[in-house]
Every structure is written in structure tokens, then in C-alpha cells.
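Working through the structure, step by step
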Amino acid sequence: MMKANTHKTKIKIVDLQKEFDGHWVSRGINLDIPEGLMTVIIGRSGEGKSVLLKQVIGLIKPTSGHIFVDGVDITTLSGNELNECYKKFGYVFQFAALLDSLNVYENIGITLIENGMPYDEVLPIVKEKLKLVQLSEDTLEKYPSELSGGMRKRVGLARTLVTNPEIILYDEPTTGLDPITSRVIHELMFDMQKKLKITSVVISHDVETFKYADKVALLHDGIIRYFGDAKTIWESDNPYVYQFIRGLTEGPITKEIPYFKDKA
Amino acid sequence: MIITFVNFVGKSALDICSITGEFTLFLVKAVITAFTSQLKVAKTFAQMNRIGVESLSIVLLTGLFTGMVLALQTYIGFQRVGGEQFIGAIVALGLIRELGPVLTALMVTGRAGSAITAEIGTMIITEQVDALTTLRINVFQYLVVPRILASTFILPFLALFSMFFGIIGGYIVCVYVLELSPEDYETSIRNYVELTDIKGGLKKAAVFGFILSWVGTYKGMYTHGGARGVGIATTQSVVASSILILITNYFLTKLLEHL
């Protein structure tokens, strides 16, 4: 089992397995996510990184295995207990997943609005979160279709911050963005994590992310093949890491585009 | 050969049971949500506007021309036996008891039922529904219940408009095209149309509104496979709703008439 030694474990994943129609995408994932740090999960497209994240937040039910959050096994919870546990989480989607029919104000404040909070109480909270993600108040009335990709991701992050989560899961936050906007998003994530002491789990293909991360895990063939410090990843002699971060075609990671494989 | 056939029959039977179960459980969840969580009133009214008010023009046109055609066809038959004075009653009863509710439901299915599926389906494939879930917003309370309630409530009103405009259409044809007596038209309606006929038609419309929104939301929530998946789900939604409405209409008629 891959462990982080110096920090308290926030999320502990134990022998997590996920099967889709006879194909195994997670084959026994073991991983300890340290509290208050940024952990990046890397791996080729189609390796099941998003599936892993969605199992953690409960959007996909694992076939077997356990996910402990602050020592509580969330795979055994249901109803209100599970809902309470998920209050600790925020999720930033790959393409932001903003609601098309709502403007920026409504998107960011949706949780508060749906809980019946009046407009004059929601507005200052929304403005505060908007400022945190470095967006101007001019955007409040705009609809998602009027925003750029980078702005949408920032709004998605602001929407997540409204719930004051202890853990934020980022699903490929810089995919499709230019290098400058990617850097802005990375710095924003880094700032959020340091300022708000949030435990961050980031799925990324972008090696730039290592500059901001504390820990890196590499997922290949449904198993975590490496877990270690981000600062020393370029010195790692782990063959999977060595091949992946240098983009080499030769090595233990096969050239074929991965697809869900039989467990055999 | 025989084994393949048995396999096919077995798989088909299992698939039907699975889909029926899924469809029923979806409704059970919606009903439980409707009774256990606060109704999103603003969203329900917004859906009434989208499903009802925005469908009004096509429903009125459908009703008007159906009434006009019905008057023409009835005239062709009734003039042979000298029963032209009953055209008003036939047009009104046909529209109130059957054509008004059924055609309204079919038109709304094509217009609003498909839109319900396409909208929710697009939200599914673009992860907007997942986003709502991660924000701990009850998706059934937010998306499904307002649409089902709105559709069930608004369809009788639409059907009522359709019936009224159909009767007006019949009147126009009888009086201005066929040059029959307007008094005969009105009198036959007064003599032969009862309040129970209207109640029955409105009950049917409510059931049809429920069906088209149930199928529409279900198909939307179970959309998969990208833009093509949304297209397939939308088509299936319209086809399934239309067939269910026509089948239910038969059994409702039997039930309402105690036949």
C-alpha cells in the first residue's frame, strides 16, 4: 500500500475495484491522500482516473473496496450520513459543468439559493468567491455560453468554494486551456489550497501541475504504480513514472490506448 | 439454432423486465421525492409556462383544424341519413371525449416531451446533473418533480382550449362553409354534451400529461452516449410516450365508462 508518512491521512482508499460490464477499470487501488496537501493523480487517458475520483465522491458506486474519509468508511454509509460526509467535498469538473440555463450568480450561489437563502445574503457570498477566483463582478449576469474556457473553470471553482469544502477534487482542471490560462488556474488552485487549507486531489496530464503539487500518484492498468513527492518526481527511477513524465513510447506503459480490461 | 432462439427470447424478456423495473422505480423515487421534499414552486410554474403556455398556439391550431375536418367528415356521413342537425354534438363529443385530450397530448409530447428529454439528456452528458449531485442538490426535486407536476396540471387546461377551439372550428365549417343552421349546431351540443364528458376528457388529459413527462424525464435521466445518445433518447421518448398515451387512452375510456 502506498502511504504518505508525515501528514494525517484525509482519504484512505483500500483495495478499490470497479467493474463495467465485465471489464475492470479499477483493479485494487490503494492510496492514502494526505490532509491539507495537493495530490496529483496522473496516468494515460482511459486509465480510469475520473472513475476513481467519481467513486470517491459517490457519483459511481465501487464494485468492492473501501473509501475512508477522516476514518469513516463512506462505502458503508447511506442516506443522511452519506450526505453529511459528502458536505466535506467539492468537485471541479473537467469542462466546469456549469448549468447552461443559469447565469454566473445563480451558478455560483445555487447551493445557497436552493436552500432558500435570500438574494441579499447570497450576493455577498457569491461576490466573495468570485473575488477569490479573480473574476470581476461584471461576470455575474453572464451565462456560461458567454464565458471563455478559463472563466468557466474559475466559476466552477467558485461554485465549489461556496460550500466551504475540506476536500476539492479537480478533474483535469487545465485540459483545453492555453499555457498562460493553465498557469493561472494552477496558481489559483495552489492559492486556494494554501489559504483555505483544503485537501486537493487533482487529476491531470499536465506535468506543469507537479510544480504546485505536494504528492504524485501514477495510475496504470487499474493500480497505483507510484506514490511519492512531487518535488523529486523528476529524479524517480520508477519505470512507469520515468516513461510517463518524459512521454516515452518505450517502457512498461503500453503504446495501445488503454481500455477497460478483463480482470484475469 | 434453438439455443440461439431461446437465448434471444430469454435476453429480450430480461431486458423488458429490467427496463420496466427501472422505469417504475424512477416513478417511485419521483413520487417519494414529491411527498418528502419541498416543492420547487418557481420551477414548477416555469415548467408550466414552457410546457403549457408555449405549446398553446400549436394546440389551438390542432384543435381548430381537427374540429373543422371533423365537421366536414361528419356532414358527409350524416347528410346521407338526414342527420345534419346532430353534427354539433358529434364534433363536440368527439373533441371533448377523445380528440381534444389525445391530440393535445400527442402535440405536447412532440413539442415539450422531446424538449424535456433533450434538455435533461444534455445536462447528463455534459455532467451538469453530476454537478448538481456533488452540490448535494436533490436532482429529482430540482429536475424531475417540477416537470411531472407541471405537465400533469397544465395538460387539462391545454386540452380544454383544444376542445373549445375545435368546437369553434366545427361551427365555422357548419355555418359558413356548409351553410347549416347555427341554432342546430348549438342546440345539439347543449342537448347531448354533459359535464361528465368534459370531466372525463380533462381526466384523460391529466393522465396523458403525467405519462409524457414521466417518460420524458426518465429518458432524459438515462441518456448516455453523447450527442447521438441525446438524439436517440429524444426519439425514444416521443415514440414511447405516444404509444403509451394511445394504449392508456383505450383502458382509460373503458375505466371511465365502466365498460
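Residue numbers here run from 1 along each chain, matching the order of that chain's written sequence. Following the order in which they are written, the chains are lettered starting with A and the ligands numbered starting with 1. Reporting in this predicted model follows two pLDDT cut-offs: at least 70 for local features of residues, and 80 or more for side-chain atom pairs to be given and counted; totals over whole chains, interfaces and linings ignore these cut-offs and use all residues. For side-chain calculations, the full set of non-hydrogen atoms in the structure is used, while hydrogens and water are omitted.

A short note on the interface of chain A and chain B
A contact between two residues is defined here by any heavy atoms of the two lying within 4.5 Å. With 20 residues of chain A at the contact, the number on the chain B side is 15 residues. Counting each side, the surface lost to burial between chain A and chain B is near 1,500 Å², with a carbon and sulfur contribution of 58%. A pair is scored as a salt bridge if a Lys or Arg side-chain nitrogen falls within 4 Å of a carboxyl oxygen belonging to Asp or Glu. At the boundary of chain A with chain B, the tally comes to three salt bridges. Here A:Glu114 ties to B:Lys43 by a salt bridge, and the two come within 3.0 Å at their closest N and O atoms. Polar contacts, as counted here, are pairs of nitrogen or oxygen atoms within 3.5 Å of one another; within protein the pair requires one atom able to donate a hydrogen and one able to accept it, and residues that are adjacent in sequence qualify only if both atoms are side-chain atoms. At the junction of chain A with chain B, the criterion picks out five residue pairs in polar contact (both at pLDDT 80 or more). Only DSSP runs of H or I reaching four residues or more are called helices, and only runs of E reaching two or more are called strands; each is numbered from the N terminus. Put simply, the parts of the chain that give the side of chain A that touches chain B at least two residues each are α1 (49-57), α2 (79-86), β6 (89-92) and α3 (104-114) of chain A. It is α3(A) that provides the largest number of residues to the side of chain A that touches chain B, a total of three residues. All residues other than Ala, Val, Leu, Ile, Met, Phe, Trp, Tyr, Cys, Pro, Asp, Glu, Lys and Arg, Gly among them, are scored as polar; the first ten of these are nonpolar and the last four charged. Taken together, the residues of the side of chain A that touches chain B break down into 11 nonpolar, four polar and five charged. Buried area adds together the accessible area that both of two parts lose upon being put together, with accessible area traced by a 1.4 Å probe.

Here we look at the pattern of salt bridges
Residues and elements named next belong to chain A. Tallied over the full model, the rule gives 25 salt bridges over all chains. Here Lys 88 ties to Asp 70 by a salt bridge, and the two come within 2.8 Å at their closest N and O atoms. Within this pair, whereas Lys 88 is found in the loop between α2 and β6, its partner Asp 70 is found in the loop between β4 (64-69) and β5 (72-73), the two being separated by 18 residues in sequence. Through salt bridges with shared partners, a single ionic network connects Lys 10, Glu 35, Asp 70, Lys 88 and Glu 166.

Considering the layout of surface pockets
Any empty space left between atoms is shown by rolling a water-sized probe over those atoms. Every definition here rests on a 1 Å grid over the protein atoms only: cavities are sets of points where a 1.4 Å probe fits but cannot get out, pockets are open sets enclosed by protein on both sides within 12 Å along at least five of seven lines, and lining residues have some atom within 4 Å of a point. Grid points are joined across faces, edges and corners, and a volume is the space filled by probe spheres set on the points. Roughly 730 Å³ of volume is contained in the second largest pocket. Looking at the second largest pocket, it is lined by 23 residues, and the ones nearest its centre are A:Lys54, B:Ile124, B:Ile125, B:Glu127 and B:Asp130. Secondary structure elements with two or more residues in the lining of the second largest pocket: α1 of chain A together with α4 (87-125) and α5 (128-134) of chain B. Within the lining of the second largest pocket, the residues separate by chemical class into 10 nonpolar, seven polar and six charged.

Section: the sheet that holds strand β2 (residues 23-34) of chain A
All names here are of chain A. When DSSP finds two or more bridges between two strands, those strands count as paired. An order of β2-β1-β4-β5 is seen for the four strands of this open sheet, with the pairing classed as antiparallel. Of all the strands in the sheet, the pair left with one neighbour each is β2 and β5. Where strand β1 (residues 9-20) and β4 come together, five bridges link them in antiparallel fashion. Bridging from a neighbouring strand, Val 14 pairs with His 66 of β4. Relative to β1, α1 is tilted by about 115 degrees, and along the sheet it contacts β1, β2 and β4. In this analysis an axis means a line fitted to C-alpha atoms, helices contributing only their contacting stretch, and an angle means the value between N-to-C directions, from 0 to 180 degrees.

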